[in-house]
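Below are the chains, spelled out letter by letter.
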Amino acid sequence: MILAGLFGFAWDLVVFVVALSILILIHELGHFFFAKLFKVYCYEFSLGMGPVLVQRERKNDETKYSIRAFPIGGYVAMAGESTEEDNSVPFERTINGVASWKKMIIVIAGVMMNFILAFILFVGIFLSVGTPSNKYKLQVTNDGIAYEAGLRTGDTINNISSMIVENGEDDIYETSKVSSLLDVIDFLNDNTLSNKNQVQEIVFNVTRNESTFDIDLTRGYSKGKVQSIGITIVELNEKQGFFKTIGYAAKYEFEVTGMIFEGVAGLFTKEGWKNVGGPIQIFQITSEAASLGFINFLMLLAVLSANLGVINLLPIPALDGARFLTSLWEVITRKRVNAKAEAAINAVGMIFLLGLMGIIIVKDIVMLF
């Protein structure tokens, strides 16, 4: 039993590291590709942070390729980023020596690669499983009171009646004619119990195999909360043509990105801070998604990739967003920002981000207990 638990944890850890490494690798490859394209001297391409595990050099290539111990980040070390001058590299081959528009592309390329990865994954997922069809199916769980009462997956619900009984006194029945399965959830959410002294009597009028009949059930409070009826409404998917799927994937990514931006804005509220998660929480979510199947894992990977893109767009020193704005300012004004001052500000930003990450990790650990 202990060995099985250890094996399960080890597998979850491998999945987590692979997922995180893919996102980081794609991001850093964006920076690296355009840095090389614009002839910027790159000292090192690193996947991971901390002590070096593996490092390789290729013939006729100035760049060292490294895998480091902690898979919480990565970087492309480009000439000109440090406050220390390297006179062995010509100025025109430093990040500050190339044209400002080239610098702007190098800086934003990592973010764009994350958004592109998310889009490709969304397209692949929706080509595989289809897109939402606005058609729904009733699903009944085997351990709920609806199943015990006789309701089954695939039943057609014609109408629902509900009566709240409190201290033996009957209330008036509330009845709803069901025009769509969504009405079932809406009705049950609107007609529920408000205290532990109440009991709800529900009558489902259903059709199954051309026969129509009533199914009665009663729910109350159990273990301090209202009993779950045990029914869900699942939206069915339909496979669309390639171009329609691409359009839906683009629309879906736009909506996901918008929600991530809203979530970031909510960090400045007490409620928003409660929902902030770090590596430990991402590990838990990744493990759960992987256990639900490959498609769910890919969906999470796509959302995390878009999330990484949004986070890096924030105008915080050391993040791509702030560096992009600096490059954009240089393009507009045609004046160079002082390289040493920019590097110093980015160093301060990095210290802030590492401190914030430490706080979030502590918060994750506290949430475990």
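Only a predicted model underlies this, so the values are computations on that prediction, with no experimental measurement involved.

Q: What should I look at first to understand the pattern of salt bridges in this one?
A: Here the idea is simple: oppositely charged side chains can pair when their charged atoms come close. The full count for this structure, using the stated rule, is eleven salt bridges. Two residues, E62 and R93, come together in a salt bridge whose shortest N-O distance is 2.9 Å. A residue pair is termed long-range when its members are at least 10 positions apart, and E62 in the loop between β1 (42-57) and β2 (64-78) and R93 in the loop between β2 and α2 (100-129) qualify at 31 residues. The partner of R323 in a salt bridge is E81, with the nearest N and O atoms 3.0 Å apart. Residue R323 is located in helix α9 (residues 320-333), and its partner E81 is located in the loop between β2 and α2; the two are separated by 242 residues in the primary sequence. The exposure class of R323 is buried, given its relative accessible area of 15%. If you follow the salt bridges from partner to partner, you end up with K36, R58, D61, E62 and R93 in one network.

Q: Explanation requested: the environment of L313 in the structure shown.
A: With respect to the helices and strands, L313 occurs in helix α8 (residues 294-313). Placed 205 residues apart in sequence, L313 and I108 show a C-alpha to C-alpha distance of 8.3 Å. With near-sequence residues (within four places) excluded, L313 lies in contact with I108, V111, F115, F261 and G321.

Q: Which parts of the structure should I look at to understand the packing of aromatic side chains?
A: In this description, an aromatic ring pair is defined by two values, namely the gap between the centres and the angle between the planes. Counted under the stated rule, the structure contains 13 aromatic pairs. Seen from their ring centres, F126 and Y248 are 4.9 Å apart, and the 85 degrees between their planes marks the pair as edge-to-face. Residue F126 is located in helix α2, and its partner Y248 is located in helix α5 (residues 242-265); the two are separated by 122 residues in the primary sequence. Clustering of aromatic rings is evident, with ring pairs tying together F33, F34, F38 and W101.

Q: Is there a simple way to think about the side chain of R219 in this case?
A: Secondary-structure assignment places R219 in strand β8 (residues 211-219). With relative accessibility at 8%, the residue R219 sits in the buried group. Of the polar contacts made by the side chain of R219, one reaches the side chain of Q200; its length is 2.6 Å. A polar contact is formed between the side chain of R219 and the backbone oxygen of Q227, at a distance of 3.3 Å.

Q: Help me understand the side chain of S66 in this model?
A: Relative to the helices and strands, S66 resides in strand β2. Within the local environment of S66, its side chain forms a polar contact with the side chain of E44, the two groups lying 2.7 Å apart. Here Q55 takes part through its side chain, which lies 2.8 Å from a polar atom of the side chain of S66.

Q: Any chance you could explain a nonpolar patch on the surface here in plain terms?
A: A contiguous nonpolar patch, built from V14, V18 and I22 and spanning about 210 Å² of accessible area, is present on the exposed surface. For V14, the position within the fold is in helix α1 (residues 2-37). On the basis of relative accessible area, V14 is assigned to the partly exposed category, the value being 43%.

Q: Help me understand the environment of S46, please; the structure alone is not making it clear to me.
A: Inspection of the secondary structure puts S46 in strand β1. The exposure class of S46 is buried, given its relative accessible area of 1%. Taking the C-alpha atoms as reference points, S46 and S66, separated by 20 residues in sequence, lie 4.6 Å from one another. Side-chain polar atoms of S46 contact the side chain of R68, separated by 3.3 Å.

Q: I keep staring at the nonpolar core and nothing clicks. Help me out?
A: If you look at soluble globular proteins, the nonpolar side chains tend to sit buried side by side. Of all hydrophobic cores here, the largest spans 25 residues; its most connected members are L121, F122 and I260. Other than its neighbours up to four places away in sequence, L121 contacts L298, L301 and A302. Formed by 19 residues, the second largest nonpolar core is a distinct cluster that contains I145, V184, L217 and I229.

Q: Would you take a moment to explain the packing of α2 against α5 for this structure?
A: Geometrically, a packed helix pair is captured by the angle between its two axes and the distance between the axes. Axis separation between α2 and α5 bottoms out at 9 Å; the angle between their running directions is 130 degrees. Comparing the axis directions of α2 and α5 gives the class oblique. Read as a crossing pair, α2 and α5 show a hand that is right-handed. When α2 is examined against α5, the residues F115, A118, F119, F122, V123, F126 and L127 are found in contact with a partner set consisting of F242, T245, I246, Y248, A249, A250, Y252, E253, V256 and T257. Class assignment of the residues belonging to the contact of α2 with α5 gives a composition of 14 nonpolar, two polar and one charged.

Q: Is there a simple way to think about the packing of α2 against α9 in this case?
A: Contact pair α2 / α9: the axes reach a minimum separation of 8 Å and the direction vectors enclose 160 degrees. By the angle between their directions, the pair α2 and α9 is classed as roughly antiparallel. When you trace α2 past α9, the crossing you get is left-handed. Every residue of α9 that contacts α2 at S100, W101, K103, M104, V107, I108 and V111 is listed here: D320, R323, F324, S327, L328, E330 and V331. Split by residue class, the contact of α2 with α9 holds eight nonpolar, two polar and four charged.

Calculation criteria
- Residues numbered from 1 in each chain as written.
- Predicted model: local features only at pLDDT ≥ 70, side-chain atom pairs only at ≥ 80, totals over all residues.
- Heavy atoms only, no water.
- Salt bridge = Lys/Arg side-chain N within 4 Å of Asp/Glu carboxyl O.
- Helix = DSSP H or I, 4+ residues; strand = E, 2+ residues; numbered from the N terminus.
- Buried < 20%, exposed > 50% of the residue type's maximum accessible area, 1.4 Å probe, protein only.
- Contact = heavy atoms within 4.5 Å.
- Phe/Tyr/Trp six-rings, centres within 6.5 Å; stacked < 30°, edge-to-face > 60°.
- Polar contact = N/O pair within 3.5 Å; in protein donor to acceptor, adjacent residues only side chain to side chain.
- Patch = residues over 30% accessible without salt bridge, like charges linked within 9 Å, V, L, I, M, F, W, Y side chains within 5 Å.
- Areas by Shrake-Rupley, 256 points an atom, 1.4 Å probe, with all protein chains shown as cover.
- Core = buried A, V, L, I, M, F, W, Y, C linked by side-chain atoms within 4.5 Å.
- Axes fitted to C-alpha atoms, helices over the stretch in contact; angles between N-to-C directions.
- Parallel < 35°, antiparallel > 145°, perpendicular 65-115°, else oblique.
- Left-handed = near helix turned anticlockwise from the far one by under 90°.
- Nonpolar A, V, L, I, M, F, W, Y, C, P; charged D, E, K, R; others polar.

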